[in-house]
Structure formats: C-alpha cells, structure tokens
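# Working through the structure, step by step
Here's the letter readout for the chains.
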Amino acid sequence: MSQVILDEQAITRATTRIAHEIIERNKGIDNCVLVGIKTRGIYLAQRLAERIEQIEGLPLPVGEIDITLYRDDLTVKTDTEEPVIQGTNIPIEIENRKVILVDDVLYTGRTVRAALDALIDLGRPEQIQLAVLVDRGHRELPIRPDYVGKNVPTSKSEIIVAELKEVDARDQVKIDKK
C-alpha cells in the first residue's frame, strides 16, 4: 500500500522554498552552480534554476553528474551486467565556485558521498551545499543536507518513491512498504 506524502503542489512549494533559501544563504547567486545527481536530481536542479531565475532575473548554470563509477556498491548492484554510464555534463568550471548538489531522496548518504568524489575529481569548489527534496533519515555516513523540501521519518522496511513528470509522467512522492 502506498501513501502519497508530496503531491504536485507540495513539490512545487518545496522547490520554491528551497530556491529562496539558496538565494538567501548565498546572498544572491553569484558564483553558484546547480549540479543534479542523475537521474531525478537533474530535473529538480533544472526546476530550482527556473525558480531562481524567476526570482533573481538571472540564469543559474545547471549541470548533471553521473556517480555510477563512484558508487561503493557497484559490484553488489552489477553482478550480472555492466553499469550504464550516462556521463557528467557541467557547463562551467566548478573551481572556486559554490556548487549546490541536488538529489531527490537522501537516505544512507552513500549516493551523495559518491557525488562528492565525482565533483572533487572535476576541480576544487569553494563550497559544496546539498539540496534534497526528501530527507528520510537512516544515514550511514556523516552527511547532512543544507536544504530540505520535506523531512520524512521512515522505517527501514519502507521505501520512498519520488516520481517527476520528466521521467515518470507525474509529480509525487510516496511511501511504499518493501
């Protein structure tokens, strides 16, 4: 049985709030770049960039990062097949910039750790901040988001399913039982 915890309107409100928080914390958007973690993080980063441009009147560069080769569970997840590498595309140098890493759901922190490793391989940012749509807890690494759409305490027997129009034809976040 599924329970919807964020509908389309709630996701829109959350991304708008995160956009305002990013602008406020960074005193504008100078020297900032949004980088979405494949797959849904990219679409959230693009939505944040649109909101920020509506608010500030200036475009914010958006990149995407593929963490496939940086995962610490690569051998576990790919016993039977080769990993699919989708590539990293960041339109500007991240050296000495404020990078806002964007993902849909923060759980153990391992995806974010892999993304940090991938980013550092590209250059040395001035700062890396983390924005997530949902923080569900159960961290295995000392990683904490700077911007959160919704905190959702979960049990380990539950899974969070984030669906975005760009991939799933609808916007919603739901909790399912494993």
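Along every chain, residues carry numbers that run from 1 in the direction the sequence is written. Note on the predicted model: pLDDT of at least 70 is required for a residue's local features to be given, and 80 or more for side-chain atom pairs to be given and counted; whole-chain, interface and lining totals, by contrast, use all residues. Computation of side-chain values: all heavy atoms of the structure, hydrogens and water removed.

The chain is annotated in an unreviewed UniProt entry as Bifunctional protein PyrR from Alkalihalobacillus alcalophilus ATCC 27647 = CGMCC 1.3604. Annotation of the chain in UniProt includes, under Subunit (unreviewed entry), the sentence "Homodimer and homohexamer; in equilibrium." UniProt positions are given in the numbering used here, feature names are shortened, and annotations may be inferred rather than shown by experiment. If you open the UniProt record of the chain and go to Catalytic activity (unreviewed entry), you find "UMP + diphosphate = 5-phospho-alpha-D-ribose 1-diphosphate + uracil".

Cavity and pocket criteria rest on a 1 Å grid covering protein atoms alone: a 1.4 Å probe that fits but cannot get out defines a cavity, protein on both sides within 12 Å along at least 5 of 7 lines defines an open pocket, and an atom within 4 Å of a point defines a lining residue. Grid points are joined across faces, edges and corners, and a volume is the space filled by probe spheres set on the points. The final tally for this structure, using the stated rule, is 1 cavity of 30 Å³ or more. What the largest cavity holds in volume is close to 40 Å³. Here the lining of the largest cavity takes 3 residues from strand β5 (residues 127-135), the largest share from any one element. Asp, Glu, Lys and Arg are counted as charged, while Ala, Val, Leu, Ile, Met, Phe, Trp, Tyr, Cys and Pro are counted as nonpolar; the rest, among them Gly, fall into the polar class. Here the lining of the largest cavity is built from residues that sort into 7 nonpolar, 1 polar and 1 charged. A run of H or I in DSSP becomes a helix once it reaches four residues, and a run of E becomes a strand once it reaches two; helices and strands are each numbered from the N terminus.

Attention now moves to the UniProt feature "short sequence motif: PRPP-binding" (unreviewed entry) in the chain. According to UniProt, the "short sequence motif: PRPP-binding" (unreviewed entry) feature falls on residues 99-111. Secondary structure over residues 99-111 splits into 15% helix and 62% strand, and the C-alpha atoms at its two ends are 16 Å apart.

Sheet architecture is open: 5 strands sit in the order β3-β2-β4-β5-β6, paired in parallel fashion. Strands at the two margins of the open sheet, each flanked by one partner only, are β3 (62-65) and β6 (147-151). Within this sheet the neighbouring strands show an average axis-to-axis angle of 25°, counted without direction. Two strands make a pair as long as DSSP finds a minimum of two bridges between them. Pairing between strand β2 (residues 32-37) and strand β4 (residues 98-106): 5 bridges, direction parallel. Paired with G36 across the two strands is V102, which belongs to β4. Note on definitions: a residue-residue contact is assigned when non-hydrogen atoms from the two residues lie within 4.5 Å. For helices, the axis comes from a line fit to the C-alpha atoms of the stretch in contact; other axes are also lines fit to C-alpha atoms, and the angle between any two N-to-C directions lies between 0 and 180 degrees. Helix α1 (residues 8-25) contacts β2, β4, β5 and β6 of the sheet and is inclined by roughly 150° relative to β6.

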